[in-house]
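What follows is the residue order along each chain.
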Amino acid sequence: KSGKLGVNASVCRDCGHMEVHNNSCRNRSCPCYQAILKEVWIDARRAEVIDAPYFHVVFTIPAQLNAPVYANQALLCSLLHRCSAQTLLELAADRKFLGAVPGIIQVLHTWGQQLNFHPHIHCIVSGGGLSKDRRLKVAGNHFFIPARVLAAKFKGKLLSSLDSLYRAGKLSFPDSCASLKDPASWAVFRDALCSATWCPDIRETFNGFGNAIEYLGRYANRIAITNARIKAVTRDSVTFAAKDCRNNSAPIEVTLSCLEFVRRFMMHVLPPGFQKIRYYG
(Lines give C-alpha, C1' and ligand atoms only; values in the text may rest on other atoms or scores of the structure.)
Protein backbone atom coordinates (compact mmCIF):
# COMPACT_ATOMS: atom_id res chain seq x y z
CA LYS A 1 0.00 0.00 0.00
CA SER A 2 2.70 2.45 -1.00
CA GLY A 3 0.57 4.37 -3.48
CA LYS A 4 2.47 3.00 -6.48
CA LEU A 5 -0.63 1.02 -7.45
CA GLY A 6 -2.96 4.03 -7.37
CA VAL A 7 -5.16 5.56 -4.71
CA ASN A 8 -8.80 6.09 -3.79
CA ALA A 9 -10.16 9.22 -2.13
CA SER A 10 -13.12 9.41 0.28
CA VAL A 11 -14.73 12.85 0.59
CA CYS A 12 -17.39 13.89 3.10
CA ARG A 13 -20.24 15.64 1.27
CA ASP A 14 -21.06 17.77 4.31
CA CYS A 15 -17.72 19.19 5.47
CA GLY A 16 -15.46 18.38 2.52
CA HIS A 17 -13.00 16.33 4.62
CA MET A 18 -10.97 14.03 2.40
CA GLU A 19 -8.98 10.86 3.16
CA VAL A 20 -6.72 9.15 0.65
CA HIS A 21 -6.37 5.34 0.68
CA ASN A 22 -3.51 3.64 -1.16
CA ASN A 23 -4.54 0.62 -3.21
CA SER A 24 -3.54 -2.88 -2.19
CA CYS A 25 -1.68 -5.16 -4.57
CA ARG A 26 -4.60 -7.62 -4.20
CA ASN A 27 -2.19 -10.54 -4.19
CA ARG A 28 -3.56 -13.45 -2.17
CA SER A 29 -0.21 -13.89 -0.42
CA CYS A 30 -0.22 -10.29 0.89
CA PRO A 31 -1.21 -9.85 4.57
CA CYS A 32 -2.79 -6.45 3.85
CA TYR A 33 -5.52 -7.81 1.62
CA GLN A 34 -7.03 -10.71 3.55
CA ALA A 35 -9.38 -9.11 6.14
CA ILE A 36 -12.00 -7.89 3.65
CA LEU A 37 -11.85 -11.12 1.64
CA LYS A 38 -12.45 -13.08 4.83
CA GLU A 39 -15.62 -11.12 5.71
CA VAL A 40 -17.00 -11.34 2.17
CA TRP A 41 -16.34 -15.09 2.11
CA ILE A 42 -18.03 -15.62 5.50
CA ASP A 43 -21.13 -13.67 4.41
CA ALA A 44 -21.43 -15.75 1.24
CA ARG A 45 -21.24 -19.02 3.19
CA ARG A 46 -23.96 -18.05 5.70
CA ALA A 47 -26.60 -18.64 3.02
CA GLU A 48 -25.66 -22.34 2.98
CA VAL A 49 -26.65 -23.17 6.56
CA ILE A 50 -28.42 -26.43 7.37
CA ASP A 51 -29.73 -27.49 10.76
CA ALA A 52 -26.97 -29.93 11.72
CA PRO A 53 -23.73 -30.04 13.73
CA TYR A 54 -20.48 -29.20 11.92
CA PHE A 55 -17.04 -30.75 12.35
CA HIS A 56 -13.47 -29.64 11.66
CA VAL A 57 -11.28 -32.38 10.15
CA VAL A 58 -7.61 -31.90 9.24
CA PHE A 59 -5.85 -34.26 6.82
CA THR A 60 -2.06 -34.28 7.12
CA ILE A 61 0.62 -36.36 5.42
CA PRO A 62 3.89 -37.84 6.75
CA ALA A 63 6.87 -35.48 6.64
CA GLN A 64 8.64 -37.82 4.20
CA LEU A 65 6.21 -36.66 1.50
CA ASN A 66 6.97 -32.95 1.91
CA ALA A 67 9.79 -32.82 -0.66
CA PRO A 68 7.89 -34.67 -3.44
CA VAL A 69 4.78 -32.56 -2.81
CA TYR A 70 6.79 -29.32 -2.95
CA ALA A 71 8.39 -30.40 -6.22
CA ASN A 72 4.96 -31.17 -7.72
CA GLN A 73 2.76 -28.62 -5.97
CA ALA A 74 -0.04 -28.09 -8.48
CA LEU A 75 -0.43 -31.82 -9.13
CA LEU A 76 -0.05 -33.21 -5.62
CA CYS A 77 -1.85 -30.45 -3.69
CA SER A 78 -4.82 -31.03 -5.99
CA LEU A 79 -4.46 -34.74 -5.22
CA LEU A 80 -4.56 -33.96 -1.47
CA HIS A 81 -7.82 -32.07 -1.99
CA ARG A 82 -9.33 -34.85 -4.07
CA CYS A 83 -8.34 -37.73 -1.77
CA SER A 84 -9.58 -35.87 1.32
CA ALA A 85 -12.97 -35.20 -0.26
CA GLN A 86 -13.37 -38.69 -1.69
CA THR A 87 -12.51 -40.21 1.69
CA LEU A 88 -15.18 -38.17 3.48
CA LEU A 89 -17.86 -38.60 0.80
CA GLU A 90 -17.41 -42.36 0.32
CA LEU A 91 -17.40 -43.13 4.04
CA ALA A 92 -20.30 -40.76 4.77
CA ALA A 93 -22.37 -42.55 2.10
CA ASP A 94 -22.02 -45.81 4.07
CA ARG A 95 -25.12 -46.46 6.19
CA LYS A 96 -22.88 -47.54 9.10
CA PHE A 97 -21.71 -43.93 9.42
CA LEU A 98 -24.17 -41.41 7.95
CA GLY A 99 -25.82 -42.82 4.86
CA ALA A 100 -25.96 -39.43 3.21
CA VAL A 101 -23.94 -36.88 1.22
CA PRO A 102 -22.60 -34.12 3.52
CA GLY A 103 -21.40 -30.67 2.54
CA ILE A 104 -17.63 -30.07 2.69
CA ILE A 105 -15.54 -26.91 2.53
CA GLN A 106 -11.78 -27.54 2.20
CA VAL A 107 -8.85 -25.15 2.55
CA LEU A 108 -5.23 -26.00 1.70
CA HIS A 109 -2.47 -24.75 3.98
CA THR A 110 1.19 -25.46 3.26
CA TRP A 111 2.97 -24.06 6.32
CA GLY A 112 3.85 -24.87 9.89
CA GLN A 113 4.38 -22.33 12.66
CA GLN A 114 8.04 -21.83 11.77
CA LEU A 115 7.26 -21.35 8.05
CA ASN A 116 8.41 -24.88 7.26
CA PHE A 117 6.67 -26.68 4.39
CA HIS A 118 3.82 -28.68 5.92
CA PRO A 119 0.92 -29.28 3.48
CA HIS A 120 -2.42 -30.16 5.05
CA ILE A 121 -6.14 -29.79 4.33
CA HIS A 122 -8.62 -28.14 6.70
CA CYS A 123 -12.20 -29.37 6.19
CA ILE A 124 -15.49 -28.20 7.61
CA VAL A 125 -17.91 -31.14 7.28
CA SER A 126 -21.65 -30.94 7.89
CA GLY A 127 -22.97 -33.56 10.30
CA GLY A 128 -25.93 -34.07 8.01
CA GLY A 129 -26.65 -34.47 4.34
CA LEU A 130 -28.98 -35.75 1.67
CA SER A 131 -29.80 -39.44 1.56
CA LYS A 132 -30.51 -41.27 -1.73
CA ASP A 133 -34.21 -40.45 -1.42
CA ARG A 134 -33.28 -36.74 -1.09
CA ARG A 135 -34.12 -36.44 2.61
CA LEU A 136 -32.01 -34.62 5.16
CA LYS A 137 -30.28 -37.07 7.49
CA VAL A 138 -28.55 -35.61 10.56
CA ALA A 139 -25.80 -37.18 12.71
CA GLY A 140 -25.32 -36.71 16.44
CA ASN A 141 -22.84 -34.44 18.18
CA HIS A 142 -19.92 -36.83 17.64
CA PHE A 143 -18.14 -37.15 14.32
CA PHE A 144 -19.80 -40.01 12.45
CA ILE A 145 -16.63 -41.63 11.02
CA PRO A 146 -14.05 -43.23 13.38
CA ALA A 147 -10.57 -41.69 13.04
CA ARG A 148 -8.89 -45.06 12.32
CA VAL A 149 -11.31 -45.73 9.44
CA LEU A 150 -10.76 -42.22 8.08
CA ALA A 151 -6.97 -42.63 8.27
CA ALA A 152 -6.92 -46.02 6.53
CA LYS A 153 -9.14 -44.85 3.68
CA PHE A 154 -7.22 -41.61 3.12
CA LYS A 155 -3.83 -43.36 3.22
CA GLY A 156 -4.95 -46.01 0.75
CA LYS A 157 -6.35 -43.49 -1.70
CA LEU A 158 -3.36 -41.15 -1.60
CA LEU A 159 -0.69 -43.83 -1.87
CA SER A 160 -2.51 -45.63 -4.68
CA SER A 161 -2.82 -42.38 -6.64
CA LEU A 162 0.81 -41.46 -5.96
CA ASP A 163 2.00 -44.83 -7.22
CA SER A 164 -0.08 -44.46 -10.38
CA LEU A 165 1.40 -41.02 -11.05
CA TYR A 166 4.91 -42.39 -10.48
CA ARG A 167 4.41 -45.29 -12.89
CA ALA A 168 2.99 -42.86 -15.47
CA GLY A 169 6.16 -40.74 -15.18
CA LYS A 170 4.26 -37.63 -14.07
CA LEU A 171 6.28 -36.84 -10.92
CA SER A 172 9.38 -34.65 -10.79
CA PHE A 173 12.17 -35.30 -8.28
CA PRO A 174 14.70 -32.52 -7.52
CA ASP A 175 18.02 -33.06 -5.77
CA SER A 176 16.37 -33.24 -2.33
CA CYS A 177 14.65 -36.49 -3.30
CA ALA A 178 16.50 -37.53 -6.47
CA SER A 179 16.99 -41.09 -5.18
CA LEU A 180 13.25 -41.71 -5.69
CA LYS A 181 13.79 -41.73 -9.45
CA ASP A 182 15.02 -45.29 -8.99
CA PRO A 183 12.00 -47.69 -8.97
CA ALA A 184 13.53 -49.84 -6.23
CA SER A 185 14.02 -46.80 -3.99
CA TRP A 186 10.48 -45.67 -4.74
CA ALA A 187 9.10 -49.08 -3.74
CA VAL A 188 10.94 -48.92 -0.39
CA PHE A 189 9.72 -45.34 0.12
CA ARG A 190 6.11 -46.26 -0.72
CA ASP A 191 6.12 -49.31 1.57
CA ALA A 192 7.51 -47.23 4.47
CA LEU A 193 4.68 -44.74 4.00
CA CYS A 194 2.18 -47.58 3.91
CA SER A 195 3.39 -48.95 7.25
CA ALA A 196 3.48 -45.51 8.90
CA THR A 197 0.68 -44.28 11.15
CA TRP A 198 -1.49 -41.59 9.54
CA CYS A 199 -3.60 -39.61 11.99
CA PRO A 200 -6.29 -37.27 10.67
CA ASP A 201 -7.20 -34.68 13.29
CA ILE A 202 -10.91 -34.51 14.13
CA ARG A 203 -11.49 -31.31 16.07
CA GLU A 204 -14.41 -29.77 17.91
CA THR A 205 -18.08 -29.92 17.09
CA PHE A 206 -19.48 -26.48 16.37
CA ASN A 207 -22.67 -25.12 17.85
CA GLY A 208 -24.27 -24.21 14.56
CA PHE A 209 -23.03 -23.47 11.07
CA GLY A 210 -22.33 -19.81 11.87
CA ASN A 211 -19.68 -20.68 14.44
CA ALA A 212 -18.12 -23.22 12.08
CA ILE A 213 -17.83 -20.68 9.28
CA GLU A 214 -16.44 -17.99 11.58
CA TYR A 215 -13.84 -20.54 12.67
CA LEU A 216 -12.94 -21.63 9.14
CA GLY A 217 -12.93 -17.99 8.04
CA ARG A 218 -9.77 -17.60 10.10
CA TYR A 219 -8.18 -20.28 7.90
CA ALA A 220 -9.71 -19.54 4.49
CA ASN A 221 -7.74 -16.43 3.55
CA ARG A 222 -4.84 -16.83 5.94
CA ILE A 223 -1.29 -16.62 4.62
CA ALA A 224 1.92 -18.15 5.94
CA ILE A 225 2.62 -15.31 8.39
CA THR A 226 0.88 -12.08 9.36
CA ASN A 227 2.49 -8.74 10.14
CA ALA A 228 1.42 -9.06 13.79
CA ARG A 229 3.69 -12.08 14.32
CA ILE A 230 6.82 -10.26 13.14
CA LYS A 231 8.57 -8.90 16.23
CA ALA A 232 11.79 -7.40 14.84
CA VAL A 233 13.46 -6.74 11.50
CA THR A 234 17.12 -5.76 11.29
CA ARG A 235 19.54 -5.43 8.41
CA ASP A 236 20.51 -9.08 8.79
CA SER A 237 17.62 -10.95 10.44
CA VAL A 238 13.88 -11.29 11.05
CA THR A 239 12.40 -12.42 14.39
CA PHE A 240 8.81 -13.68 14.57
CA ALA A 241 6.51 -15.30 17.11
CA ALA A 242 5.62 -18.98 16.72
CA LYS A 243 4.38 -21.99 18.67
CA ASP A 244 6.51 -25.02 19.43
CA CYS A 245 4.24 -27.85 18.28
CA ARG A 246 6.56 -30.43 19.87
CA ASN A 247 6.25 -28.77 23.28
CA ASN A 248 2.50 -28.35 23.82
CA SER A 249 2.40 -25.29 21.52
CA ALA A 250 4.56 -23.27 23.89
CA PRO A 251 5.18 -19.73 22.56
CA ILE A 252 8.66 -19.17 21.14
CA GLU A 253 10.49 -16.63 18.99
CA VAL A 254 12.27 -17.70 15.81
CA THR A 255 15.11 -15.65 14.31
CA LEU A 256 16.14 -16.22 10.68
CA SER A 257 18.43 -14.45 8.29
CA CYS A 258 16.53 -12.12 5.96
CA LEU A 259 17.26 -14.37 3.00
CA GLU A 260 16.08 -17.50 4.80
CA PHE A 261 12.91 -15.72 5.97
CA VAL A 262 12.06 -14.73 2.39
CA ARG A 263 12.90 -18.23 1.12
CA ARG A 264 10.55 -19.84 3.63
CA PHE A 265 7.77 -17.34 2.93
CA MET A 266 8.03 -17.88 -0.83
CA MET A 267 7.59 -21.64 -0.38
CA HIS A 268 3.94 -20.90 0.46
CA VAL A 269 3.10 -18.81 -2.60
CA LEU A 270 0.87 -21.22 -4.50
CA PRO A 271 1.15 -21.87 -8.26
CA PRO A 272 -0.74 -19.30 -10.39
CA GLY A 273 -4.46 -20.04 -10.59
CA PHE A 274 -4.36 -22.81 -7.97
CA GLN A 275 -7.71 -23.05 -6.16
CA LYS A 276 -6.89 -23.45 -2.47
CA ILE A 277 -10.54 -23.35 -1.29
CA ARG A 278 -12.74 -26.10 -2.74
CA TYR A 279 -16.28 -27.31 -2.18
CA TYR A 280 -17.63 -30.86 -2.31
CA GLY A 281 -20.83 -32.76 -1.62
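Our structure is the block above this text.
These numbers were taken from a predicted model, which means no experiment stands behind them.

With 46 residues, the main nonpolar core has Leu65, Phe143, Phe144, Leu158 and Leu162 as its most contacted residues. For this core, the secondary structure elements donating two or more residues are strand S3 (54–60), helix H3 (73–93), strand S4 (101–111), strand S5 (117–130), helix H4 (147–167) and helix H5 (183–195). The contacts of Phe144, once residues within four sequence positions are left out, are Phe55, Ala92, Phe97, Leu98, Val125, Ser126, Gly127 and Ala139. One finds Tyr54, Ala212, Ile213 and Ile277 within the second-largest nonpolar core, a separate group that totals 14 residues.

Moving on to the packing of aromatic side chains. Taken as a whole, this structure holds 11 aromatic pairs when the rule is applied. Their ring planes at 45 degrees and their centres at 4.7 Å tell us that Phe59 and Phe154 sit as a pair that is tilted. On the criterion of sequence distance, the pair formed by Phe59 in strand S3 and Phe154 in helix H4 is long-range, its members being 95 residues apart. Looking at Phe154, the relative accessible area reads 3%, which means it is buried. Members of the aromatic cluster, each reached through a chain of ring pairs, are Tyr166, Phe173, Trp186 and Phe189.

A few words on a nonpolar patch on the surface. Taken together, the side chains of Val7, Val11, Met18 and Val20 define a hydrophobic patch exposed on the protein surface, amounting to about 370 Å² of accessible area. Within the secondary structure layout, Met18 lies in strand S2 (residues 18–22).

Of the pockets and cavities examined, the largest pocket occupies roughly 1000 Å³. Here the lining of the largest pocket gets four residues from one element, more than from any other, and that element is strand S9 (residues 237–244). Approximately 330 Å³ is the volume found for the second largest pocket. Around the second largest pocket sit 20 residues that line it, and Pro102, Gly103, Ile104, Ser126 and Gly281 are the ones nearest its centre. Secondary structure elements with two or more residues in the lining of the second largest pocket: S4, S5 and strand S11 (277–280). Partitioning the lining of the second largest pocket into residue classes produces 12 nonpolar, six polar and two charged.

On to empty space enclosed by the protein. On inspection of all chains with the given rule, the structure shows two cavities of 30 Å³ or more. As a volume, the largest cavity reaches approximately 120 Å³. As for the largest cavity, its lining consists of 13 residues, and the residues nearest its centre are Ser29, Trp111, Ile223, His268 and Lys276. With three residues, the top contributor of residues to the lining of the largest cavity is S4. Its volume calculated, the second largest cavity comes out at about 50 Å³. Residue lining of the second largest cavity: Ile61, Leu65, Val69, Leu76, Leu79, Leu80, Leu158 and Leu162, and that is the complete set. Elements supplying a minimum of two residues to the lining of the second largest cavity: H3 and H4. A total of three residues in the lining of the second largest cavity trace back to one element, the largest contributor, which is H3.

So, on to the packing of H4 against H5. Where H4 meets H5, the axes come as close as 11 Å, and the angle between the chain directions of the two elements is 175 degrees. Taken together, H4 and H5 sit at an angle that is classed as roughly antiparallel. Residues Lys155, Leu159, Leu162, Asp163 and Tyr166 of H4 touch H5, and the partners they reach there are Pro183, Trp186, Arg190, Leu193 and Cys194. Residue classes in the contact of H4 with H5 are distributed as seven nonpolar, no polar and three charged.

What follows is about the pattern of salt bridges. Two side chains bearing opposite charge may form a pair once their charged atoms approach each other closely. Summed over all chains, the structure comprises eight salt bridges. Its salt-bridge partner being Asp133, residue Arg135 comes within 3.8 Å of it at the nearest N-O pair. A residue is classified by how much of its surface remains accessible, and Arg135, at 60% relative accessible area, is exposed. Between Glu260 and Arg264 there is a salt bridge, with its nearest N and O atoms 2.7 Å apart. Separated by four residues within a single helix, Glu260 and Arg264 lie in helix H7 (residues 258–266), roughly one turn from each other.

What counts and how
Residues numbered from 1 in each chain as written. Predicted model: local features only at pLDDT ≥ 70, side-chain atom pairs only at ≥ 80, totals over all residues. Heavy atoms only, no water. Core = buried A, V, L, I, M, F, W, Y, C linked by side-chain atoms within 4.5 Å. Buried < 20%, exposed > 50% of the residue type's maximum accessible area, 1.4 Å probe, protein only. Helix = DSSP H or I, 4+ residues; strand = E, 2+ residues; numbered from the N terminus. Contact = heavy atoms within 4.5 Å. Phe/Tyr/Trp six-rings, centres within 6.5 Å; stacked < 30°, edge-to-face > 60°. Patch = residues over 30% accessible without salt bridge, like charges linked within 9 Å, V, L, I, M, F, W, Y side chains within 5 Å. Areas by Shrake-Rupley, 256 points an atom, 1.4 Å probe, with all protein chains shown as cover. Salt bridge = Lys/Arg side-chain N within 4 Å of Asp/Glu carboxyl O. 1 Å grid on protein atoms, 1.4 Å probe; cavity = no way out; pocket = protein on both sides within 12 Å on 5 of 7 lines; lining within 4 Å. Points joined across faces, edges and corners; volume = space filled by probe spheres on them. Nonpolar A, V, L, I, M, F, W, Y, C, P; charged D, E, K, R; others polar. Axes fitted to C-alpha atoms, helices over the stretch in contact; angles between N-to-C directions. Parallel < 35°, antiparallel > 145°, perpendicular 65-115°, else oblique.

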